[in-house]
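# Commentary on secondary and tertiary structure
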There are 2 protein chains.
Amino acid sequence: MSYIKFSYEQLKNLCTDAFFKFGFTEKESEIITDVLLLADLYGVKSHGTQRLARYHKSIENDTIKINAKPQIVFETPVSAVIDGNGGMGQLISHFAMNLAIEKAGKTGMAMVSVRNSNHYGIAGYYTKMACDAGFIGISTTNSESIAVHTNSKQAILGSNPIAFAMPADPYPFWFDAATTVVPRGRLEVYNKESKPIPEGWGVGEDGKTSTDAQHVLDCITKKSDGGILVMGGNTEEMGSHKGYGYSMICEILSAITSFGATSNHHVRKKGQGAGSCHSFIVINPGIFGDADLMKKNLSAFLQELRDAKRANPDIPIYTHGEKEIYSKEKMMKEGIPVNISTVAEIIELCNYVGLDSKQYLGDVDVSGAKLIDNDKVYK
Amino acid sequence: MSYIKFSYEQLKNLCTDAFFKFGFTEKESEIITDVLLLADLYGVKSHGTQRLARYHKSIENDTIKINAKPQIVFETPVSAVIDGNGGMGQLISHFAMNLAIEKAGKTGMAMVSVRNSNHYGIAGYYTKMACDAGFIGISTTNSESIAVHTNSKQAILGSNPIAFAMPADPYPFWFDAATTVVPRGRLEVYNKESKPIPEGWGVGEDGKTSTDAQHVLDCITKKSDGGILVMGGNTEEMGSHKGYGYSMICEILSAITSFGATSNHHVRKKGQGAGSCHSFIVINPGIFGDADLMKKNLSAFLQELRDAKRANPDIPIYTHGEKEIYSKEKMMKEGIPVNISTVAEIIELCNYVGLDSKQYLGDVDVSGAKLIDNDKVYK
């Protein structure tokens, strides 16, 4: 697949103006763009600029409601439940995490849970907000049902990421991962390359392991039986019940505490929000004593892990969030690679909403591009 | 391996009197026994009665200090840090979880972290305490270094379980699992049965996959390179970085927030506590609104998971904690199976501390028993 590189500023300006065109305020457009571009900079392509057209489609379907405002429906000094009213996931979540940070700043720890939201981007964006404020941040979200739990052949659980971040030097501990063995996007990559997927990633309608990426993806799209496996695959021998457990913790923190929809009750209907639920937990390290010493201790421990004896002398050992920092530094210098199919889609989208794509992206050659979604977005 | 069944009362009386003989008070002996026997009843043999002799050995070595009392060294309305002073893990942890429950009862949520403790039994005992009080309970502990992280061949991390429980009907959601792909005890079982372990469970000194259980166990015992792999094995393809991440969350919550020893700094020296660290988090569901409705919603969701279409019609789908309830019901009726090597060890221990084992266990035949530890406990 070929890529074209754009500067951070180019993509930032384009996305901000695009969201403004979609109907968001200037401030809102900046927030959404910031979430998308952090994903790009951190190398999580599936959650970056390539979502622009998908979000626009949801807005056109009124699944994402432009004018919906997050509403606090229950509150204590350490908690809140927010009804997202079907608004943009990033805006609701930015509001919710700020509320959790504010509460934790006063009480020491806090949890805010959210219902009736939409896709919120990378979970780790919000934990980074807490981390940048000097706090431990935790975030979870549920999603569309794609994951098959132990001994089941029916996808009930979502990709259900858990993110956790804590300040450290020279870079924070920043963990963000789906509780499925792989995210859906990884199957899409294997599919495009016509490669069989490894055993233990997915099952077909019969509940048996499938190494055919297209087959597993079709199961998810058609909402038939089958789907992606939770971490640990489908046998307890490799820890399937553990992945299933982490996914459940995600559902409980996100959907159960917010009185919202578990992944199997999310909807994809015109005029209705997806029903996504999230959680945001913030802990002020100061509630345990000297926060500076704690940061120093964590930094030293992370260094011990990086300095451990390598299984292969040529392969370095990383701590979580380290690769993302390198990726960001590299892309800020060399540009952000966007695959040409996404570029072509963005150009179409710009034409559609009345933006001059050349003003942002310059003159680019997208011959060879093919639209990624089966259903073409702009006809 | 052959087993002898004893009633819950038999083992309870024996353990309580044994711990009293070791030097604990009557009340303390009851608490420790309760933690051990819940493990037996829930089918987690490795953490039940079979630990009796090992704990006694640690007490004789002054690694577990009989008279040490947990000490609150830092405190806020939502938190505390406890120095265990090298005392018995179960007593320190029982105290810590009660403190977290008390604080969460007042503020809505609380976290207590513990340093300088010893092995605390099953993590899920403490989350059950919170759950029995109507709260969400979370607990983590670190341990001796046994786990090799992604791209490393050096065991730095512990088995590092994460436990999470929340009230539901007809039984709570109760999850408790090591963040390694399997616990050490599972390798011991394969070793006794001379079976090769599956690829992806452990690596040898060279950092390469080993299917030889004895080899991997030797690596851990000798503190050479090699060890058990974190969940997801040793490749990112199967999610190794995720297991590594969950294990890190465990270290952070347990050791970093308590200013204690990460797993790689635990000690096994005569006269010093192991250095184990734990965390206890309690969330009152009432801080999100109607706790009864929340319980009802979770119960309904758990039922949906159990009712999902089965991959194999003959294999039922469980939710976490369900099997443990069945195990407990069965054992309360039919007795708790204890393997004869453990029974033989307990009889020797009774003789050693001056208890009449027959008074508790009756006349049992332990011919064929062999002591489990390489170093015989009572000579």
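Residues numbered from 1 in each chain as written. Chains lettered and ligands numbered in written order. Predicted model: local features only at pLDDT ≥ 70, side-chain atom pairs only at ≥ 80, totals over all residues.

### A short note on the sheet that holds strand β11 (residues 227–229) of chain B
All names here are of chain B. A sheet is described by the order of its strands in space; here four strands give the open sequence β7-β6-β11-β10, paired in mixed fashion. Each having just a single partner strand, β7 (155–157) and β10 (202–203) make up the two edges of the open sheet. Bridge count for strand β6 (residues 147–148) against β7 is two bridges, and the pairing is antiparallel. Counted as the bridge partner of Ala147 is Leu157 from β7. Along the sheet face, helix α7 (residues 213–222) touches β7, β10 and β11 and points at about 115 degrees away from the line of β11. (Pairing = 2+ DSSP bridges. Helix = DSSP H or I, 4+ residues; strand = E, 2+ residues; numbered from the N terminus. Contact = placed C-beta atoms within 7 Å. Axes fitted to C-alpha atoms, helices over the stretch in contact; angles between N-to-C directions.)

### Quick word on the nonpolar core
Counting residues in hydrophobic clusters, the biggest one holds 237 residues, and the most contacted among them are Ala100(A), Val282(A), Ala100(B) and Val282(B). Those residues in contact with Ala100(A), other than ones at most four positions away along the chain, are Ala110(A), Met111(A), Val112(A), Phe280(A), Ile281(A) and Val282(A). (Core = buried A, V, L, I, M, F, W, Y, C linked by C-beta atoms within 7 Å. Buried ≥ 20, exposed ≤ 12 C-beta atoms within 10 Å, placed from the backbone.)

### Thoughts on the interface of chain B and chain A
Counting residues at the interface gives 63 residues for chain B, matched by 64 residues for chain A. The leading source of residues in the side of chain B that touches chain A is helix α9 (residues 291–306) of chain B, at seven residues. Taken together, the residues of the side of chain B that touches chain A break down into 34 nonpolar, 22 polar and seven charged. (Nonpolar A, V, L, I, M, F, W, Y, C, P; charged D, E, K, R; others polar.)

### Quick word on the sheet that holds strand β11 (residues 227–229) of chain A
Residue and element names in this part refer to chain A. Taken in spatial order, the four strands make up an open sheet running β7-β6-β11-β10, and their pairing is mixed. In this open sheet, the two edge strands, each paired with only one partner strand, are β7 (155–157) and β10 (202–203). Helix α7 (residues 213–222) rests against β7, β10 and β11 of the sheet, and its axis sits at about 115 degrees to β11.

### Some details on the relation of the copies chain B and chain A
In the superposition of chain B on chain A (RMSD 0.0 Å, axial shift 0.0 Å), the rotation amounts to 180 degrees. Expressed as an axis order, the relation between the two copies is that of a two-fold axis. In terms of proximity to the rotation axis, the leading residue of chain B is Gly232(B), whose C-alpha is 3.3 Å off the axis. When the interface residues of chain B are mapped onto chain A, 100% of them again lie at the interface, so the same face is used by both copies. (Least-squares fit on C-alpha atoms with pLDDT ≥ 70 in both.)

### Digging into the packing of helix α3 (residues 52–60) of chain B against helix α11 (residues 340–353) of chain B
For any two helices packed against each other, the geometry is given by the interaxial angle and the distance between the axes. Residue and element names in this part refer to chain B. At a minimum axis separation of 9 Å, α3 and α11 run at an interaxial angle of 40 degrees. One element, α3, and the other, α11, form an angle in the oblique class. On α11, the residues touching Leu52, Ala53 and His56 of α3 are Glu345, Ile346 and Leu349. Class assignment for the residues of the contact of α3 with α11 results in four nonpolar, one polar and one charged. (Parallel < 35°, antiparallel > 145°, perpendicular 65-115°, else oblique.)

### A short note on helix α9 (residues 291–306) of chain A
All names here are of chain A. The terminal C-alpha atoms of α9, which comprises 16 residues, lie 23 Å apart, in line with the 22 Å expected from a rise of 1.5 Å per residue. Taken together, the buried positions of α9 are Met294, Leu298, Phe301, Leu302 and Leu305. For α9, the buried positions fall inside an angular range of 100 degrees around the axis, keeping them on one side. Across α9 from its buried face, at more than 90 degrees, point the exposed residues Asp292, Leu293 and Ala300. (Expected span 1.5 Å × (residues − 1). Arc of directions from axis to C-beta.)

### A closer look at the pairing of strand β5 (residues 136–141) of chain A
All names here are of chain A. Counting buried positions over the six residues of β5 gives six, a clear majority of the element. Side chains of β5 alternate between two faces, with Ile136, Ile138 and Thr140 and Gly137, Ser139 and Thr141 buried alike. In this sheet, strand β12 (residues 276–283) lies alongside β5 in antiparallel orientation, the contact comprising six bridges. Counted as the bridge partner of Ser139 is Phe280 from β12. Sheet topology places β5 next to strand β8 (residues 162–166); four bridges connect them, and they run antiparallel. Paired with Thr140 across the bridge in β8 is Ile162.

### Thoughts on the domain arrangement of chain A
Residues and elements named next belong to chain A. Domains assigned within chain A are domain 1 (3–60 + 335–361) and domain 2 (71–181 + 230–288). In this structure, domain 1 and domain 2 have C-alpha centres spaced 24 Å apart. Each side of the interface is counted separately: domain 1 has 10 residues, and domain 2 has eight residues. No other element matches the seven residues that helix α2 (residues 26–41) contributes to the side of domain 1 that touches domain 2. Considered class by class, the residues forming the side of domain 1 that touches domain 2 number seven nonpolar, two polar and one charged. (Domains from an automatic or database assignment.)

### Remarks on α11(B)
Residues and elements named next belong to chain B. For α11, built from 14 residues, the straight-helix expectation of 20 Å at 1.5 Å per residue is met to within 8% by its first-to-last C-alpha distance of 20 Å. If you check which residues of α11 are buried, you get Ser341, Thr342, Val343, Glu345, Ile346, Leu349 and Cys350. Packed against the buried residues of α11 are β1 (3–6), α1 (8–22), α3, β13 (336–339) and α12 (357–361). Positive backbone phi, at 85 degrees, marks Gly354, one or two positions downstream of α11.

### What to know about the confidence of the model for chain A
Across chain A, the average pLDDT comes to 94, with 97% of residues at or above 70. Per the prediction output, this complex has pTM 0.96; the corresponding ipTM is 0.96. (pLDDT = per-residue confidence, 0-100.)

### Quick word on the packing of helix α4 (residues 89–107) of chain A against helix α5 (residues 123–132) of chain A
Residue and element names in this part refer to chain A. The geometry of α4 relative to α5 is characterised by a closest axis approach of 10 Å and an angle of 30 degrees between their N-to-C directions. If you check the angle between α4 and α5, you find them roughly parallel. Judged by the sense of rotation from one axis to the other, the crossing of α4 with α5 is right-handed. Note on element contacts: α5 touches α4 through Tyr126, Met129 and Ala130, opposite Ser93, Met97 and Ile101. Considering only residue class, the contact of α4 with α5 consists of five nonpolar, one polar and no charged. (Left-handed = near helix turned anticlockwise from the far one by under 90°.)

### Quick notes on the pairing of strand β4 (residues 109–117) of chain A
Residues and elements named next belong to chain A. Most of β4 is tucked away: nine of the nine residues are buried. Of the pairings in the sheet, the one linking strand β3 (residues 79–83) to β4 comprises five bridges and is parallel in character. Counterpart to Ala80 in the pairing with β4 is Val112. Between the parallel pair β3 and β4, the chain is carried across by α4, and the sense of this crossover is right-handed. (Right-handed = clockwise from strand over helix to strand, strands pointing away.)

### Quick look at unusual backbone geometry
Residue and element names in this part refer to chain A. Each neighbour pair has its own omega, and for Asp169 with Pro170 the value is 0 degrees, a cis peptide bond. Of note in this structure, Asn116 is not a glycine but carries a positive phi near 55 degrees. Locating Asn116 in the fold gives a position in strand β4. The class for Asn116 is buried, based on 26 C-beta atoms found within 10 Å. In this structure, Lys223 is a non-glycine residue whose phi angle is positive, near 60 degrees. By secondary structure assignment, the location of Lys223 is in the loop between α7 and β11. Exposure remark for Lys223: the 12 C-beta atoms within 10 Å place this residue in the exposed category.

### Examining the environment of Cys131(B)
All names here are of chain B. Locating Cys131 in the fold gives a position in helix α5 (residues 123–132). Through-space distance from the C-alpha of Cys131 to that of Ile325 is 14 Å; in sequence the pair is 194 residues apart. Dropping the residues within four chain positions of it, Cys131 is found in contact with Gly137, Ala165, Met166, Pro167, Pro172 and Trp174.

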